[in-house]
Amino acid sequence: MSEPVKRKIDYNRREMPKQLPQVRSHNFYEVALGYPPETAIEEAQRCLQCKKAGCVEKCPVEINIPGFVRCIAEGDFAKGIKILKEKNCLPAVCGRVCPQEEQCESACIMLKKGGQSAIGRLERFLADWEAAQGKLELPEIPKPTGKKVAVVGGGPAGLTVAGDLIKLGHKVTIFEALHKLGGVLIYGIPEFRLPKAIVYREVEYLRMLGVEVVTDFVVGKTRSVENLLREFDAIFIGAGAGLPWFMNIPGENLNGVYSANEYLTRMNLMKGFMFPQYQTPIKEHAKVAVVGGGNVAMDCARTALRLGAETRIIYRRSRQELPARLEEVENAEEEGVIFDFLTLPIRYIGDENGWVKEIEYLKMQLGEPDASGRRSPVPIEGSETILPVDAVVCAIGNSPNPLIPTSTKGLQIGKKGNIVADEATGKTSMEKVWAGGDVVTGAATVILAMGAGRKAARSMHEFLCSG
Amino acid sequence: MFKVISNEMVVPNIHLLTVEAPAVAAQIEPGQFVILRSEEDGERIPLSIADWDRDKGTLTFAIVNVGGTTDKLASLRAGTDIPTVVGPLGNATEIGEFGTVVCIGGCYGIGSIYPIARALKEKNNRVITIIEARSSYLLFWEDKYKQVSDKFVTITRDGSRGVRGHITHLPEILGGLPEPANRIIVNGCTFLMKHTSEISRPFGIKTIVSLNPIMIDGTGMCGVCRVSIASKTKFACVDGPDFDGHEVDWAELLQRRKTYIREEAIPLRTSKCEEHAANRRGNIV
Ligand SMILES: Cc1cc2nc3c(=O)[nH]c(=O)nc-3n(C[C@H](O)[C@H](O)[C@H](O)COP(=O)(O)OP(=O)(O)OC[C@H]3O[C@@H](n4cnc5c(N)ncnc54)[C@H](O)[C@@H]3O)c2cc1C
Ligand SMILES: Cc1cc2nc3c(=O)[nH]c(=O)nc-3n(C[C@H](O)[C@H](O)[C@H](O)COP(=O)(O)OP(=O)(O)OC[C@H]3O[C@@H](n4cnc5c(N)ncnc54)[C@H](O)[C@@H]3O)c2cc1C
Ligand code: SF4
Ligand code: SF4
Ligand code: FES
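Since the structure is predicted, the reported quantities are computational estimates derived from the model, not experimental observations.

Draft legend 1. Expanded view of the overall build of chain B. Assigned secondary structure in chain B consists of 11 helices and 17 strands. A globule of 285 residues ought to have a C-alpha radius of gyration of about 19 Å, and chain B, at 19 Å, matches this closely. In terms of its C-alpha atoms, chain B occupies a principal-axis envelope of roughly 65 × 40 × 40 Å. Within chain B, the proportion of its 285 residues that are buried is 58%. Here the contacts in chain B between residues at least 6 apart in sequence split such that 64% fall between residues at least 24 apart. Distance from the positive charge centre (33 side chains) to the negative charge centre (34 side chains) of chain B: 3 Å.

Draft legend 2. Representation of the pairing of strand S11 (residues 151–156) of chain B. Residues and elements named next belong to chain B. As judged from the 6 bridges shared by strand S10 (residues 126–133) and S11, these two strands associate in the parallel manner. Residue Glu 132 lies in a different strand from S11, and its bridge partner there is Ile 155. One crossover worth recording links S10 to the parallel S11 by way of helix H4 (residues 142–148), and it is right-handed. The pairing of S11 with strand S12 (residues 163–164) spans 2 bridges and is classified as parallel. Each bridged residue has a counterpart across the sheet, and for Ile 155 the counterpart in S12 is Val 163.

Draft legend 3. Structural view of helix H8 (residues 250–257) of chain B. Residue and element names in this part refer to chain B. Counting buried positions along H8 yields 6 of 8 residues, so the element is predominantly enclosed. By the burial criterion, the buried members of H8 are Trp 250, Glu 252, Leu 253, Leu 254, Gln 255 and Arg 256. At the N-terminal end of H8, a side-chain oxygen is found 3.4 Å from the backbone nitrogen of Ala 251, two or three residues along, and the residue is Asp 249.

Draft legend 4. Representation of the sheet that holds strand S3 (residues 33–37) of chain B within the structure. All names here are of chain B. An order of S4-S3-S8 is seen for the 3 strands of this open sheet, with the pairing classed as antiparallel. Taken across any chain shown, the strands that pair with only one partner, and hence form the sheet edges, are strand S4 (45–48) and strand S8 (84–89). For this sheet the average axis-to-axis angle between neighbouring strands, irrespective of direction, equals 25°. As paired elements, S3 and S4 share 4 bridges and run antiparallel to each other. Residue pairing in the sheet places Leu 36 in a bridge with Ile 45 of S4.

Draft legend 5. Structural context of the domain arrangement of chain B. Residues and elements named next belong to chain B. With domains assigned, chain B is organised as domain 1 (2–90 + 264–280) and domain 2 (100–256). Domain 1 and domain 2 are separated by 22 Å when their C-alpha centres are compared. Listed by partner, the interface residues are 20 residues for domain 1 and 23 residues for domain 2. For the pair domain 1 and domain 2, the interface holds 2 salt bridges. Here Asp 51 and Arg 118 are joined by a salt bridge, their closest N and O atoms 3.1 Å apart. Going through the elements one at a time, strand S1 (2–11), strand S2 (14–20), S3, S4, strand S5 (51–53) and strand S6 (58–64) are the ones with two or more residues in the side of domain 1 that touches domain 2. Split by residue class, the side of domain 1 that touches domain 2 holds 15 nonpolar, 3 polar and 2 charged.

Draft legend 6. Up close: the site of ligand 3. Lining the immediate environment of ligand 3, one finds 13 residues, of which Cys59(A), Cys98(A), Gln100(A), Cys104(A) and Glu123(A) sit closest. Per-class residue counts for the shell around ligand 3 are 9 nonpolar, 3 polar and 1 charged.

Draft legend 7. Quick peek at the interface of chain A and chain B. Residue-level contacts link 39 residues of chain A with 44 residues of chain B. Both sides together, the interface formed by chain A and chain B hides about 3400 Å², and carbon and sulfur atoms give 53% of it. When the buried surface of chain A facing chain B is broken down by residue, Lys221(A), Asn253(A) and Gln279(A) rank first, second and third, together holding 21% of it. At the junction of chain A with chain B, the criterion picks out 0 salt bridges. Joining chain A to chain B, the criterion identifies 18 residue pairs in polar contact (both at pLDDT 80 or more). Broken down by secondary-structure element, the contributors of at least two residues to the side of chain A that touches chain B are strand S5 (243–244), strand S6 (257–259) and helix H12 (260–267) of chain A. For the side of chain A that touches chain B, the leading source of residues is H12(A), giving 4 residues.

Draft legend 8. Fine view of the pattern of salt bridges. Residue and element names in this part refer to chain A. Applying the stated criterion to the full structure yields 45 salt bridges over all chains. A salt bridge links Glu 335 to Arg 24; its shortest N-O distance comes to 2.5 Å. Of the two residues, Glu 335 sits in helix H14 (residues 326–335) while Arg 24 sits in helix H1 (residues 21–24), which places them 311 residues apart along the sequence. On the basis of relative accessibility, which here comes to 7%, the residue Glu 335 falls in the buried class. Residue class for Arg 24 comes out buried when judged on its relative accessible area of 0%. In this structure, Asp 128 engages Arg 96 in a salt bridge whose closest nitrogen and oxygen atoms are separated by 2.9 Å. One end of the pair, Asp 128, is in helix H7 (residues 119–133); the other, Arg 96, is in helix H6 (residues 91–97), and 32 residues separate them in sequence. When its relative accessible area of 23% is taken as the criterion, Asp 128 is described as partly exposed.

Draft legend 9. Structural context of the nonpolar core. In terms of nonpolar packing, the biggest core is built from 103 residues, with Ile65(A), Phe68(A), Ile72(A), Val290(A) and Ile313(A) touching the most fellow members. What Val290(A) contacts, discounting residues up to four positions off in sequence, is Ala297(A), Cys300(A), Ala301(A), Thr311(A), Arg312(A), Ile313(A), Ile314(A), Val393(A) and Ala395(A). Residues Leu89(B), Ile130(B), Ile167(B) and Phe235(B) belong to the second largest nonpolar core, which totals 39 residues.

Draft legend 10. Geometry of the site of ligand 2. Residue and element names in this part refer to chain B. Neighbouring ligand 2 are 23 residues, the closest being Pro 46, Ala 62, Val 64, Thr 69 and Thr 70. Between ligand 2 and Gly 67 there is a distance of 3.3 Å, counted from an oxygen atom to a backbone nitrogen or oxygen. In isolation ligand 2 offers 860 Å² of accessible surface; the protein chains occlude 93% of this area. Of all the elements in the fold, those that place two or more residues in the shell around ligand 2 are S4, S6 and helix H2 (68–74). In terms of residue count, S4 provides more of the shell around ligand 2 than any other element does, 4 residues in total.

Draft legend 11. Spatial organisation of the environment of Thr93(B). Residue and element names in this part refer to chain B. Within the secondary structure layout, Thr 93 lies in the loop between S8 and strand S9 (100–106). Residues Thr 93 and Thr 69, 24 residues apart in the sequence, show an inter-C-alpha distance of 26 Å. Every residue in contact with Thr 93, bar those within four places of it in the chain, is listed here: Pro 30, Gly 31, Ile 116, Ile 185 and Asp 242. Side-chain polar atoms of Thr 93 contact the side chain of Asp 242, separated by 2.7 Å.

Draft legend 12. Structural context of the packing of aromatic side chains. Following the criterion strictly, the structure yields 13 aromatic pairs over all chains and no others. Arranged with centres 5.5 Å apart and planes meeting at 25°, the rings of Phe339(A) and Phe341(A) form a pair that is stacked. The buried category is assigned to Phe339(A), whose relative accessible area is 15%. Overall, Phe341(A) belongs to the partly exposed group, its relative accessible area being 25%. Ring geometry for Phe140(B) versus Trp141(B): centroids 5.7 Å apart, planes at 75°, classification edge-to-face. Looking at Phe140(B), the relative accessible area reads 3%, which means it is buried. A residue is classified by how much of its surface remains accessible, and Trp141(B), at 14% relative accessible area, is buried. One aromatic cluster is present, built from ring pairs that chain together Tyr114(B), Phe140(B), Trp141(B), Tyr145(B) and Phe152(B). Above the face of the Phe232(A) ring, Lys148(A) is positioned so that its terminal group lies 5.4 Å from the ring centre. The ring of Trp52(B) carries Arg118(B) above its face, with NZ or CZ at 5.1 Å from the centroid.

Scoring rules and cut-offs
Residues numbered from 1 in each chain as written. Chains lettered and ligands numbered in written order. Predicted model: local features only at pLDDT ≥ 70, side-chain atom pairs only at ≥ 80, totals over all residues. Heavy atoms only, no water. Helix = DSSP H or I, 4+ residues; strand = E, 2+ residues; numbered from the N terminus. Rg over C-alpha atoms; globule rule 2.2 N^0.38 Å. Buried < 20%, exposed > 50% of the residue type's maximum accessible area, 1.4 Å probe, protein only. Contact = heavy atoms within 4.5 Å. Lys, Arg positive; Asp, Glu negative; His and termini not counted. Charge placed at Lys NZ, Arg CZ, Asp CG, Glu CD. Pairing = 2+ DSSP bridges. Right-handed = clockwise from strand over helix to strand, strands pointing away. Polar contact = N/O pair within 3.5 Å; in protein donor to acceptor, adjacent residues only side chain to side chain. Axes fitted to C-alpha atoms, helices over the stretch in contact; angles between N-to-C directions. Domains from an automatic or database assignment. Salt bridge = Lys/Arg side-chain N within 4 Å of Asp/Glu carboxyl O. Nonpolar A, V, L, I, M, F, W, Y, C, P; charged D, E, K, R; others polar. Near = heavy atom within 4 Å. Buried area = accessible area lost by both parts, 1.4 Å probe. Core = buried A, V, L, I, M, F, W, Y, C linked by side-chain atoms within 4.5 Å. Areas by Shrake-Rupley, 256 points an atom, 1.4 Å probe, with all protein chains shown as cover. Phe/Tyr/Trp six-rings, centres within 6.5 Å; stacked < 30°, edge-to-face > 60°. Lys NZ or Arg CZ within 6 Å of the ring centre and 35° of its normal.

See the structure below:
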């Protein structure tokens, strides 16, 4: 391999083409269009190929970033994707939805001048390039170990465990409650940010590796964890954090008040935006308010906007404290989502038919920083305001679904209803049972769920080989 | 995929659908439900269990054809496959040694109250079964009920069989019992459950209802099924579907069930002639 050439550092981070805001706000096609090969090569050539690469340390699955980036720079995409896939079985997904600015890219040595390497975009480029070739290279599977593993939940955590363990020769079965695999990737994150075809492709890859998939199977109901243990040598629980929170304010059960999960599930999993061709109905709303400020709230707002509603985000702090990725906030703003900062709903008011027609909210001001380090919002007395709406989407958070915790004796449960698992290994308090992802941490990110899956798979493999 | 074993219209507009779903059949208990899709791209709808056969691995549902999805289910033929049958969902109906229990079924509840009555009888309760409908031609499974009931009553609105009128006759039926009822369990349409709860309240008899709000996942993920029970929000799919009828906010449930009333009419507005023509062509080839 040749030494990197000494040259002047290029801080010009290459932009990725996007659909124009006025166009994309009316369709569900993907917003970002991906690099053409020339741009990808240019972008990759900017990377300084650091010996002690900070970017790698900040990637939860420790992708060899300089390695794959260099392949792109040299035009050897096939080798690049191989390096990428050594560590990440869902590159097309991560390249799109990872909060790169907080992870790998935040540690790039070129960050100082705002010229950090566009690692996520390059990762996406390679994954899309591979898909476009139309042929997937399957790794060699070692001879069967004879051990059987059950994976509960087909989200990023579960898919990672399944991918890792099948490649080590274990027999893997995924049990998924819904009729499709992918978890939040399929029912939550909208088509315009993560086309579902990409998720199907990744799932198909696992099937080709020999992973058995059982959908429409609710562990804890169809069969208990204990019952599965009679058949399987080890179990991984990656059931996610699907239980939606409400604010417990008056009027929350009026018609037209949705949880983010309901709203997004109707749209994404059930393809409500294609009603009546697909049979799950959605309403046509004219004025939608989305309560919350995270990625989930942005996804709901941008979905409502695409269905033609005047859409606003109601958030109790200011723009600076928005927990959503900056890129998504900017996308939402460009598309025409209205932001009402420093507002807190206190009541929903219904019409004579039980449909929400108004929100009453309080104006807030920022006080002292709270436990999260963000300045906490304090209501301004006498600032009650009425806002007319015909739908409200509550996107204030989720916690782990209690189904498995309550149906599994012997599983240690944390204060927030999460399954307690060792951070380094994913081991739970129950023998032969591991857990990871949102069900352990509470709602987090795709890549953290995958990282947890990776660690658990390693520990499970050790266990399976020792016994 | 889940195989349709049989599908028959037992009385006008009510279909008994039997599907093969061994994992669910092995676990299901009275009062639980499943979620099912009639086809890919189809909606997910909940159906209460009306009967099952653990050995054969089959489930039977009584389905009232009211809209897009139930219409598709009604037209399924034996031997075809449906993509989703997931369950058993919800909590089973509490089957204790209560003493005298009145089981009331109307509409699809004539199906789903059956396994409850049977299980209560097996627990040595005195089981009084009441099934009700508009007219005698809408009553079914009377023979099955007679075998598990100590007393069996039918109510028809037109008086064509049994008591003439409504569940409003419940006090007379209760009064005619040799001992006071310890519990009432009602399955069926929302109005029947609501009225029964109102009627039984002054008697102070615990009344269990099986709520039927709109659902999507049935696992506690979406929150669309929320109902107010004693002024607290509950998710019917995981906290229910059985609740104390005296604590239910009926007005809210009825209002929430109407959310999609306009959209639901859309699939019914077409005559589906084109679809049928296409199917026919398919058959000839
Ligand atoms: C709208 C939205 C947008 C998001 N955007 C981003 C983003 O841009 N970037 C990012 O990094 N993260 C994002 N996240 C967060 C990210 O999607 C999650 O952190 C991640 O999906 C967690 O993965 P998981 O595998 O732990 O759980 P999940 O993805 O929740 O998957 C869990 C799976 O388990 C199944 N399951 C649950 N219970 C059972 C059971 N009893 N039996 C069988 N199966 C069961 C569920 O149906 C589900 O399929 C977003 C989340 C949402 C909701
Ligand atoms: C726990 C539970 C058990 C049920 N058991 C039975 C049963 O055993 N037999 C039976 O015939 N019916 C049962 N129902 C009602 C049944 O689910 C609805 O009739 C069915 O969903 C109607 O769908 P559709 O597309 O045919 O009609 P639509 O025209 O879509 O709807 C007709 C009416 O059904 C209700 N409904 C619509 N979609 C849903 C949904 N996704 N979930 C719940 N209700 C909905 C609404 O009130 C609506 O007004 C049950 C409902 C619940 C919640
Ligand atoms: S997986 Fe995420 S954190 Fe890791 S390199 Fe890719 S984009 Fe960065
Ligand atoms: S820190 Fe930045 S420049 Fe260095 S290897 Fe990583 S991506 Fe390249
Ligand atoms: S049906 Fe979704 S939470 Fe009950």
